[in-house]
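Secondary and tertiary structure notes
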Amino acid sequence: MNRKYPSEYRVGKIYIALTFDDGFVSHFHCALLLARKGIRATFFIPTHERRWRTLAQRPELIQEIAKMGHEIGSHSKYHLNLATQPPDRVEENLRVSKTFLEDVTGMEVLGFAYPYGSYSARVIARVMKYYHYARGSMIYPWEDPLNLGLLNKHNVISRYTLTGIGFSYNTVGTILSRIIKFRMVRRTLTKLVRTRPQAFVILVFHRPDKFMLFYYHLLDKLMSIAKFVTIHGLVEEIDTGV
């Protein structure tokens with residue numbers, strides 16, 4: 001992929017991919033609500049993490065999410081910072097998680113999300129052996145509110161370093177800050193549609209309450225100006241240059 005925005009893209013065309021990290025069991029409720037709206041999202045699941053209740057401990061829920069049309073992606077085996085792990089440990093996390101999820105869903109797992117958004121050239125090389133794309137680090141809306149097109153530090157779109165807008169539960173302190181972020185995202189996405197020739201936006205959620213409380217009710221408005229896709233669908237749009 002590795003391309004800058006082509007000048008021939010039509011003004012006001014925007015693709016949004018909703019993603020949910022860490023595999024919380026409560027993400028199943030988000031999957032249900034999105035399916036009722038006809039929106040498909042991507043759920044990145046760590047398969048052997050035991051520090052919290054994950055969907056991997058309820059494989060029947062993963063199967064149901066996949067049947068709804070959502071994409072299932074890997075978030076590694078143990079949710080480790082792979083950039084700090086030895087090669088054999090990285091390999092294990094990539095291979096075992098992919099096999100587990102494919103056995104559960106009966107479908108090929110194409111996507112990977114780096115735990116903590118952390119990666120290195122060595123990690124990317126191994127991810128490429130197993131996956132079709134990978135989502136990397138997150139930015140927050142106030143850091144660079146108009147650079148929301150998956151651009152990495154080299155100002156190009158790279159399939160293995162896709163960037164998302166983060167809404168981590170660790171960054172939300174008060175109701176006021178949540179409302180500010182909500183309004184900022186809404187204004188930013190609207191401005192993108194009006195000013196950018198083409199925009200590919202990934203929204204990254206962790207705790208489902210943040211999504212349900214402030215962003216679920218925004219979806220109907222966004223559906224009028226944007227197309228919701230899974231990350232795999234988004235990657236296909238970029239590859240074809242639609």
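The notes below deal with the structure included here. Being a predicted model, the structure only gives us computed values, none of them experimental.

Here's the deal with the overall build of the protein chain
Within the protein chain, the regular secondary structure consists of eight helices and eight strands. Out of the 242 residues belonging to the protein chain, those deemed buried represent 57%. In the protein chain, once contacts between residues fewer than 6 apart in sequence are set aside, the share between residues at least 24 apart is 77%. Of the roughly 10600 Å² that the protein chain leaves accessible, carbon and sulfur atoms contribute 53%.

Comments concerning unusual backbone geometry
The backbone phi angle of D22 is positive, close to 85°, even though this residue is not glycine. Mapped onto the elements of the fold, D22 is located in the loop between β1 (13–20) and α1 (27–36). A positive phi angle, near 85°, is found at S76, a position not held by glycine. Looking at where S76 falls in the secondary structure, it is placed in the loop between β3 (71–74) and α3 (87–105).

Some details on the packing of helix α2 (residues 59–67) against α3
Packing of α2 against α3 leaves a shortest axis separation of 9 Å and a crossing angle of 70°. When the axis of α2 is compared with that of α3, the two are roughly perpendicular. Seen from α2, the contacting residues are P59, I62, Q63 and A66; seen from α3, they are L101, V104 and T105. Within the contact of α2 with α3, the residues separate by chemical class into five nonpolar, two polar and no charged.

Focus on the packing of aromatic side chains
Centre distance and the angle of the planes are the two values used to describe a pair of aromatic rings. For the coordinates displayed, the defined rule picks out seven aromatic pairs. Here F20 and F43 contribute two aromatic rings whose centre-to-centre distance is 5.0 Å and whose plane-to-plane angle is 10°, an arrangement assigned as stacked. Pair noted here: F20 is in strand β1 and F43 is in strand β2 (residues 42–45), with a separation of 23 residues, a long-range link. Residues F20 and F43 agree in their burial class; the two are buried. Taking the centre distance of 4.8 Å and the plane angle of 40° together, the rings of Y114 and Y119 count as tilted. Sitting over the face of the ring of Y131, K98 holds its NZ or CZ atom 5.2 Å from the ring centroid.

Some words on the nonpolar core
Core analysis: the largest hydrophobic core is formed by 47 residues, its most contacted members being I16, L18 and V127. Elements represented by at least two residues in this core include exactly β1, α1, β2, α2, α3, α4 (121–130), β7 (198–205) and α7 (219–223). Counting residues in hydrophobic clusters, the runner-up holds 14 residues, among them A17, Y133, V229 and I238.

Points about the pattern of salt bridges
Tallied over the entire structure, the rule returns nine salt bridges. Ionic pairing is found between R51 and E49, a salt bridge with its closest N-O pair at 2.8 Å. Residue classification places R51 among the exposed residues on the basis of a relative accessible area of 54%. According to the relative accessible area criterion, E49 is buried, its value standing at 4%.

Quick word on the environment of L101
Tracing the backbone through its elements, the reader meets L101 in helix α3. With 39 residues separating them in the primary sequence, L101 and I62 have C-alpha atoms 8.4 Å apart. Excluding residues within four positions of it along the chain, L101 makes contact with I45, T47, I62, I72, G73, S74 and V109.

Describing α3
If you check α3, its first and last C-alpha atoms are 27 Å apart, about what 19 residues at 1.5 Å a residue would give, namely 27 Å. Considered for burial, the residues of α3 that qualify are V90, E91, E92, N93, L94, V96, S97, K98, L101, V104 and T105. If you follow the buried residues of α3, they end up packed against β2, α2, β3, β4 (111–113) and α4. Phi turns positive, to about 75°, at G106, one or two residues after α3.

Notes on the pairing of β2
Where a strand is regular, its side chains alternate between the two sheet faces. In β2, alternate side chains face the same way, and those of T42 and F44 on one face and F43 and I45 on the other are all buried. Bridge count for β2 against β3 is four bridges, and the pairing is parallel. Paired with F43 across the strands is I72, a residue of β3. Read from β2 through α2 to β3, the crossover connection turns out right-handed.

Calculation criteria
Residues numbered from 1 in each chain as written. Predicted model: local features only at pLDDT ≥ 70, side-chain atom pairs only at ≥ 80, totals over all residues. Heavy atoms only, no water. Helix = DSSP H or I, 4+ residues; strand = E, 2+ residues; numbered from the N terminus. Buried < 20%, exposed > 50% of the residue type's maximum accessible area, 1.4 Å probe, protein only. Contact = heavy atoms within 4.5 Å. Areas by Shrake-Rupley, 256 points an atom, 1.4 Å probe, with all protein chains shown as cover. Axes fitted to C-alpha atoms, helices over the stretch in contact; angles between N-to-C directions. Parallel < 35°, antiparallel > 145°, perpendicular 65-115°, else oblique. Nonpolar A, V, L, I, M, F, W, Y, C, P; charged D, E, K, R; others polar. Phe/Tyr/Trp six-rings, centres within 6.5 Å; stacked < 30°, edge-to-face > 60°. Lys NZ or Arg CZ within 6 Å of the ring centre and 35° of its normal. Core = buried A, V, L, I, M, F, W, Y, C linked by side-chain atoms within 4.5 Å. Salt bridge = Lys/Arg side-chain N within 4 Å of Asp/Glu carboxyl O. Expected span 1.5 Å × (residues − 1). Pairing = 2+ DSSP bridges. Right-handed = clockwise from strand over helix to strand, strands pointing away.

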